[in-house]
Amino acid sequence: MTMSDNKLNVDHAIEMLKSSGVRITPQRHAILEYLVISDTHPTADEIYKTLEHKFPNMSVATVYNNLRVFKKTGLVKELTYGDASSRFDFSTKRHYHVICSKCGKIVDFFYPALDEIEALAAQVTGFKVDHHRLEIYGICPECQAKDVQDQSESVQKSTVS
């Protein structure tokens, strides 16, 4: 995403919030902007730690409250994975996630052909389907490279001994 795409997304999101009757505070704007720019699917704590120097009076509760507002208006999705902290995802397009089993990194990928699956599931089961979620797990390139490096270091140590 380019800087101008990010600015458009932030501006559009702010207009959506305003039209829903949500007041735009400096903290709210900063949290929203961080979510738009970030591609790491941050936790509330990560957002807080990134922005606390700009807003010394802001609390983690402020971040959670704003995320709740963003979720309610449909701007942000909360991603929960068992016992780990929730991660928050701003995206204007439907997408899926590939998640690293080692470091937890989450990367978006788009595959519009899967949208048909809801219609098929509804037809086959009689359910009124309202959404779906797909996650793919594996090892990210950085962790793969680290594994290769760790293996070669352990081989070197064993040949030296």
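Being a predicted model, the structure only gives us computed values, none of them experimental.

Take a nonpolar patch on the surface next. On the surface, V98, V107 and I136 cluster together to form a nonpolar patch covering roughly 200 Å² of accessible area. Looking at the element boundaries, V107 is found in strand β4 (residues 106–109). Judged by relative accessible area, which is 40%, V107 ranks as partly exposed.

Time to look at the side chain of T25. Relative to the helices and strands, T25 is located in the loop between α1 (3–19) and α2 (26–37). From its side chain, T25 meets the backbone nitrogen of R28 in a polar contact 3.0 Å long.

With that out of the way, let us pick up the packing of helix α3 (residues 44–51) against helix α4 (residues 60–72). The contact between α3 and α4 brings their axes to 9 Å, and the two run at 120°. Classified by the angle their axes make, α3 and α4 are oblique. For the pair α3 and α4, the crossing hand works out as right-handed. Only V60, V63, Y64 and L67 of α4 make contact with α3, whose side of the interface consists of A44, D45, I47 and Y48. Split by residue class, the contact of α3 with α4 holds 7 nonpolar, no polar and 1 charged.

Turning next to the confidence of the model for the chain. A residue-level look at the chain finds 93% of positions with pLDDT of 70 or above and a mean pLDDT of 86. When pLDDT is averaged over each helix and strand of the chain, the minimum, 81, is found for helix α6 (residues 141–160) and the maximum, 94, for α3.

Examined against the element boundaries, T43 turns out to sit in the loop between α2 and α3. Look past the residues within four positions of T43 in its chain and what remains in contact with it is S85, S86, R87 and F88.

For the structure shown, the criterion picks out 7 salt bridges. Notably, a salt bridge pairs D150 with K146, separated by 3.2 Å at the nearest N-O pair. Taken as a pair, D150 and K146 lie in helix α6 at a separation of 4 residues, close to a single helical turn. For D150, a relative accessible area of 35% gives the class partly exposed.

So, how was this worked out
- Residues numbered from 1 in each chain as written.
- Predicted model: local features only at pLDDT ≥ 70, side-chain atom pairs only at ≥ 80, totals over all residues.
- Heavy atoms only, no water.
- Patch = residues over 30% accessible without salt bridge, like charges linked within 9 Å, V, L, I, M, F, W, Y side chains within 5 Å.
- Areas by Shrake-Rupley, 256 points an atom, 1.4 Å probe, with all protein chains shown as cover.
- Salt bridge = Lys/Arg side-chain N within 4 Å of Asp/Glu carboxyl O.
- Helix = DSSP H or I, 4+ residues; strand = E, 2+ residues; numbered from the N terminus.
- Buried < 20%, exposed > 50% of the residue type's maximum accessible area, 1.4 Å probe, protein only.
- Polar contact = N/O pair within 3.5 Å; in protein donor to acceptor, adjacent residues only side chain to side chain.
- Axes fitted to C-alpha atoms, helices over the stretch in contact; angles between N-to-C directions.
- Parallel < 35°, antiparallel > 145°, perpendicular 65-115°, else oblique.
- Left-handed = near helix turned anticlockwise from the far one by under 90°.
- Contact = heavy atoms within 4.5 Å.
- Nonpolar A, V, L, I, M, F, W, Y, C, P; charged D, E, K, R; others polar.
- pLDDT = per-residue confidence, 0-100.

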